[in-house]
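Residue-level listing of the chains:
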Amino acid sequence: MKAQDISREKSAELFEKAKNYFPGGVNSPVRAFKSVYGTPLFIERGDKAHLWDADGNEFIDFCCSWGPLILGHNNPQIREAVEAQLGKGLSFGAPTALENELAELIISNNKYIEKIRFVSSGTEAVMSAIRLARGYTKRDKIVKFEGCYHGHSDSLLVKAGSGLVTFGETSSAGVPKSFADETIVIGLNDKAALEQVFVDFKDQIAAVIIEGVPANNGLLIQDKEYIQFLRDITKSNGSLLIFDEVITGFRLGFEGAAKYYDIQPDILTYGKIIGGGMPVGAYGASAEIMGHISPDGGVYQAGTLSGNPVAMAAGIAALSILAQPGFYEKLESTTQAFVEELRAFIAENNLEVKIFTIGSIFWFAFTTQENIQTAAQIDPASMEKYKIMHRELLNRGVYFGPSGYEVGFISAAHSPEDLQTALAVIKDSLLVAFA
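Since we're looking at a predicted model, the values are computed, not measured. (Residues numbered from 1 in each chain as written. Predicted model: local features only at pLDDT ≥ 70, side-chain atom pairs only at ≥ 80, totals over all residues. Heavy atoms only, no water.)

A. Broad picture of the overall build of the protein. The helix and strand inventory of the protein stands at 14 helices and 14 strands. A globule of 435 residues ought to have a C-alpha radius of gyration of about 22 Å, and the protein, at 21 Å, matches this closely. Here the protein holds 435 residues, and 57% of them are scored as buried. Across the protein, every contact between residues at least 6 apart in sequence was considered, and the portion connecting residues at least 24 apart equals 72%. Counting every atom, the protein has about 18300 Å² of accessible surface; 51% of that belongs to carbon and sulfur. Between the mean site of the 38 positive side-chain charges and the mean site of the 52 negative ones, the protein shows a separation of 2 Å. (Helix = DSSP H or I, 4+ residues; strand = E, 2+ residues; numbered from the N terminus. Rg over C-alpha atoms; globule rule 2.2 N^0.38 Å. Buried < 20%, exposed > 50% of the residue type's maximum accessible area, 1.4 Å probe, protein only. Contact = heavy atoms within 4.5 Å. Areas by Shrake-Rupley, 256 points an atom, 1.4 Å probe, with all protein chains shown as cover. Lys, Arg positive; Asp, Glu negative; His and termini not counted. Charge placed at Lys NZ, Arg CZ, Asp CG, Glu CD.)

Pasting the structure below:
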């Protein structure tokens, strides 16, 4: 049975006001709720696994600020670390001991990087990694995969997935053709296409970049054999392999997808999870490759807010918890139990939906296909089912991202009671979507 629509009166008023200030009324496109029902919810506060909007509606949150809140909202250790730093200053534009402490925590628990550089976002991390790859190899062209999103820098907004797919686009206005021409886009899981690229552009490819596990255009889990192929072909052609781990880094495990596949990329990028939700990103590599970054080398990259002390303090608190033995095993076990109960319900009711999952990430695909590994395998028409499901979830107090192409996340803050409540809600919402 369709649930009664929740009140969005205050959120709707705030959205109308926001349209006077921001393009589309938002500061990031997917927040506009263009592909789901209703106006955006304006969030007032969060605690543990729960959100409250401006109208006082309470939700169990599976968006988790698009992934980084692996410890939930308002985590007390992170909050206390931030509050302690606030009394000392917000920004200095100079080194602090906190940068050393967070870097040591990361590098000592991650065998895939030897040196790291903090920046302020995942986009900035990837942009810097691309520049480093070009500077290191003295080549210009980059290979990316259709549906993989690597932030909004010019050369990577080509068939990029995420919000672009939500709006039915494959590229962005304002990106010069000359920039796009340096980016070669091929489909995922297509060895022959990549082999041909290295023939056609011999000695011109600086790097191949892939999301650790593509998770911005559905959850497109690749076979290890294919990832090993990427490692082998890049190495044999003198190109670098970049893992964009903005989503998977510190989410699949402390060492991310690199550990999951047991493959050593040349450069890795990370996002907000390393700052406990504060604006931060990072890229890392071997000491030899990172030695090409200024001031040691000729690849320039800088940022006034890089290594911001508040973000560093939050990151130390967050990653200290993530580094504890058994943290990821427990979270994955919780997620698998959650997904398996839903799969049993789906099978019992003969619903045309699959749930793909890895670590603590999951994704609903309205399909009968047993495996989806490329963007082309996703039927855009299936998003109508998600649109109905999303409305029903909100009306019953469960918050998912406002796009069927986005994945969901389970955090350590989701209690057994939260998950049981959410399971009942998701089951009801699926039945309405298929009614």
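Structure shown, so let's carry the discussion forward.
B. Looking closely at helix α3 (residues 97-107). Residues L98, E99, L102, A103, L105 and I106 constitute the buried set of α3. The buried side chains of α3 occupy one side of the element, clustering within an arc of 160° when seen end-on. Exposed residues pointing more than 90 degrees away from the buried face of α3 are listed as A97, N100 and E104. The inward-facing, buried residues of α3 contact α2 (76-86), β4 (115-119) and α11 (309-322). (Arc of directions from axis to C-beta.)

C. Structural context of the environment of F434. When you line up the elements, F434 lands in the segment after α14 (416-433). On a C-alpha basis, the gap between F434 and K385 in space is 7.3 Å, while along the polypeptide they are 49 residues apart. Those residues in contact with F434, other than ones at most four positions away along the chain, are L351, E352, V353, F366 and K385.

D. Fine view of the environment of L194. Mapped onto the secondary structure, L194 falls in helix α7 (residues 191-200). It is 24 Å that separates the C-alpha atoms of L194 and V175, two residues lying 19 residues apart in sequence. Setting aside residues up to four positions removed in sequence, L194 forms contacts with V143, I186, V208, F229, L230 and I233.

E. Fine view of the packing of α3 against α11. Interhelical geometry of α3 versus α11 gives an angle of 30° and a closest axis separation of 9 Å. With respect to each other, α3 and α11 are oriented roughly parallel. In the crossing of α3 with α11, the sense of the turn from one axis to the other is left-handed. Contacts between α3 and α11 involve L98, E99, E101, L102, L105 and I106 on the former and, on the latter, P309, M312, A313, G315, I316, L319 and S320. For the contact of α3 with α11, the residue count by class is nine nonpolar, two polar and two charged. (Axes fitted to C-alpha atoms, helices over the stretch in contact; angles between N-to-C directions. Parallel < 35°, antiparallel > 145°, perpendicular 65-115°, else oblique. Left-handed = near helix turned anticlockwise from the far one by under 90°. Nonpolar A, V, L, I, M, F, W, Y, C, P; charged D, E, K, R; others polar.)

F. Up close: the packing of aromatic side chains. One pass over the structure, following the stated rule, counts 17 aromatic pairs. Taking the centre distance of 6.0 Å and the plane angle of 70° together, the rings of Y21 and F22 count as edge-to-face. Assessed through its relative accessible area of 54%, Y21 is described here as exposed. F22 sits in the partly exposed class, given a relative accessible area of 31%. Aromatic ring contacts, followed pair by pair, group F62, F338, F362, F364 and F400 into a single cluster. Across the ring face of Y37, the terminal group of K387 is positioned such that the distance to the ring centre comes to 4.7 Å. (Phe/Tyr/Trp six-rings, centres within 6.5 Å; stacked < 30°, edge-to-face > 60°. Lys NZ or Arg CZ within 6 Å of the ring centre and 35° of its normal.)

G. The confidence of the model for the protein, seen in detail. When the pLDDT values of the protein are averaged, the result is 93; 95% of them are 70 or greater. In the model, residues 160-170 has pLDDT below 50 throughout and makes 29 contacts with residues more than four positions away in sequence or in other chains. (pLDDT = per-residue confidence, 0-100.)

H. The side chain of Q85, seen in detail. Take Q85: it is sitting in helix α2. Given the relative accessible area of 7%, Q85 is considered buried. When sequence neighbours within four positions are dropped, the list of residues in contact with Q85 reads F92, L98, P309, V310 and A313.

I. Just the pairing of strand β3 (residues 58-61), in detail. Sheet topology note: the strand β2 (residues 50-53)/β3 ladder contains three bridges and is antiparallel. Its bridge partner being in β3, H50 is matched across the sheet by I60. With antiparallel pairing between neighbouring strands as the criterion, β2 and β3 make up a hairpin whose turn holds four residues, including G56 at a positive phi of roughly 85°. Pairing of β3 with strand β13 (residues 398-399), which is carried by two bridges, proceeds in the parallel orientation. Paired with I60 across the bridge in β13 is V398. (Pairing = 2+ DSSP bridges.)

J. Geometry of the nonpolar core. Ranked by internal contacts, the top residues of the largest apolar core, which has 114 residues, are F62, L194, L219, F250, F338, F364 and F400. Top element by residues in this core is α11. It accounts for 11 residues. Discounting residues that sit within four places of it in the chain, F400 has contacts with F62, F362, F364, Y386, M389, H390, L393 and I426. (Core = buried A, V, L, I, M, F, W, Y, C linked by side-chain atoms within 4.5 Å.)

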